[in-house]
Amino acid sequence: MMPETRSVLVTGGAGFIGSHLADAFLAEGKRVVVLDDLSTGQASRVPGGVRFVEGDIRTFDIAGLLRAEKIDTIVHHAAQIDVRKSVEDPVFDAEVNVLGTIRIAKAALEAGARQIVFASSGGAIYGDPEGFAADERHATNPVSPYGVAKLAGEKYLFGLAHGTPLLVTALRYANVYGPRQDGRGEAGVIGIWMKKLLAGEGCLVNGDGTQSRDFVFVGDVVRANLAAAQRRVGGIVNVGTGAETSVTALYELVAAACGVSKAAARGPAMPGEQKRSVLDVTKSRTALGLTDLVPLPEGLSRTAAWFREASSRA
Ligand SMILES: NC(=O)c1ccc[n+]([C@@H]2O[C@H](COP(=O)([O-])OP(=O)(O)OC[C@H]3O[C@@H](n4cnc5c(N)ncnc54)[C@H](O)[C@@H]3O)[C@@H](O)[C@H]2O)c1
């Protein structure tokens, strides 16, 4: 039997998903170190009891940190996550998401870390799916520089780890939502709508509203990471719900979670927007034991409660 994971490095641990991961690994009794440059993250989100190191994955001495902190597992979530920004500045996107990821792999090999769990994107890597839902063997046809960089990140991690003891698991997330999210990210629309609805403002649904996504609650993404690290899964695993929700249906659920009955106005279709996206999650059930997912109305009501509380604090 492999020894248990003891020290964990969460890159991007001051961000939305990463800060939940830091909480969860800490609650599991692990030593947790967070590396984050605070470009979008907030130091206040890093839980007490976690060693916080401010640094940029493009330049920081990651191998030195891994050795000094005796890190066994790296949960790599630091990234430039804005798809539109990746179109405007693909060089910057690749510097963080490709070169930064290569630096993580090289440091892990140099320092003898045993595994990397990588936050990849099922929403962005498969492109417009050829059949529903997309499983892990689906063709990869990313339509944004962000998706290309996430795919390249995966390939570099697997390529560099090949023939070494370093284990790599790439978790391809669907659209992740939940407390601490904002208006960026692949489920950013939930944050945008909740803020507006709770402030009494109207919302826009772009296009005809039939475009669809797979929305997965952040708590389930955290469970996937814990299982991937604990079971030393390896390979590629989709993390989503397998349920397809149209943007119109999502708006109704978000409005209900906010206790508002206002209809949304129609906005123009977003050029180049992917029409449908839903992940086949069969493998996550078997490889990660990821069952009993939080239903969308329940997850949205927890998210709305957080937005309500955050706005009362502001
Ligand atoms: N949110 C989603 O729906 C979603 C879907 C698929 C994949 N992902 C991936 O999950 C991960 C976490 O996403 P998130 O939604 O929590 O985003 P986030 O922006 O809240 O978190 C990213 C964190 O990385 C930090 N960071 C950015 N560049 C850095 C750098 N150069 N060096 C060090 N730290 C840096 C930021 O300060 C931030 O705290 C990302 O890798 C993202 O691509 C997210």
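Positions within a chain are numbered from 1, following the residues in the order the chain's sequence is written. Two thresholds apply to this predicted model, a pLDDT of at least 70 for residue-level local features and 80 or more for giving and counting side-chain atom pairs, whereas whole-chain, interface and lining totals are computed over all residues.

A separate point is the packing of helix α9 (residues 247–257) against helix α11 (residues 296–313). Running from N to C, α9 and α11 cross one another at 50°; their axes reach a closest spacing of 8 Å. It follows from the interaxial angle that α9 and α11 lie oblique. Here the hand of the crossing between α9 and α11 comes out right-handed. In this structure, α9 contributes Leu253, Val254 and Ala257 to the contact, and α11 contributes Leu296, Pro297, Leu300, Ser301 and Ala304. To obtain an axis, a line is fitted to C-alpha atoms, over the contacting stretch when the element is a helix, and the angle between two such axes runs from 0 to 180 degrees between their N-to-C directions. Helix and strand definitions follow DSSP, with helices as H or I runs of at least four residues and strands as E runs of at least two, each counted in order from the N terminus. Should an angle fall under 35 degrees it is taken as roughly parallel, and over 145 as roughly antiparallel, whereas 65 to 115 is taken as roughly perpendicular and any remaining angle as oblique. It is the rotation of the near helix from the far one that decides the hand of a crossing: anticlockwise by less than a right angle makes it left-handed, clockwise makes it right-handed. By the convention adopted here, residues are in contact when the distance between their C-beta atoms, placed from the backbone, does not exceed 7 Å.

Residues are counted as near a molecule or strand when the C-beta atom, derived from backbone positions, lies within 6 Å of that molecule or strand. Gly12, Gly15, Gly41, Ala79 and Gly185 are the nearest of the 31 residues found near the ligand. For the shell around the ligand, the elements supplying multiple residues, two or more each, are α1 (16–27), α4 (90–111), β5 (115–121) and β7 (175–177). Class assignment of the residues belonging to the shell around the ligand gives a composition of 13 nonpolar, 13 polar and 5 charged. Here the nonpolar group is Ala, Val, Leu, Ile, Met, Phe, Trp, Tyr, Cys and Pro; Asp, Glu, Lys and Arg are the charged ones; every other residue, Gly included, is treated as polar.

In this structure, Lys70 is a non-glycine residue whose phi angle is positive, near 50°. Residue position: Lys70 is located in the loop between α2 (62–68) and β4 (73–76). A residue is classified by how many C-beta atoms lie within 10 Å of it, and Lys70, with 13 of them, is partly exposed. The backbone of Asp292 sits at a positive phi, close to 50°, despite the residue not being glycine. Comment: burial labels come from other C-beta atoms within 10 Å of the residue's own C-beta, placed from the backbone, where a count of 20 or more is buried, 12 or fewer is exposed, and between is partly exposed.

This next bit is on the environment of Val75. Residue position: Val75 is located in strand β4. According to the C-beta neighbour criterion, Val75 is buried, with 30 such atoms within 10 Å. Taking the C-alpha atoms as reference points, Val75 and Glu273, 198 residues apart in sequence, are found 29 Å from one another. Residues contacting Val75, with those up to four places away along its chain left out, are Val8, Val10, Leu21, Val117, Asn225 and Ala229.

For this entry, the nonpolar core is defined as buried Ala, Val, Leu, Ile, Met, Phe, Trp, Tyr and Cys residues connected by C-beta atoms within 7 Å. Membership of the largest hydrophobic core comes to 95 residues, with the highest contact counts inside it found for Val10, Val34, Ile116, Leu171, Val221, Ala228 and Val254. Sort the elements by how many residues they give to this core and helix α8 (residues 218–231) lands first, with 8 residues. Ignoring sequence-local partners within four residues, the contact set of Val254 consists of Ile190, Trp193, Met194 and Leu300.

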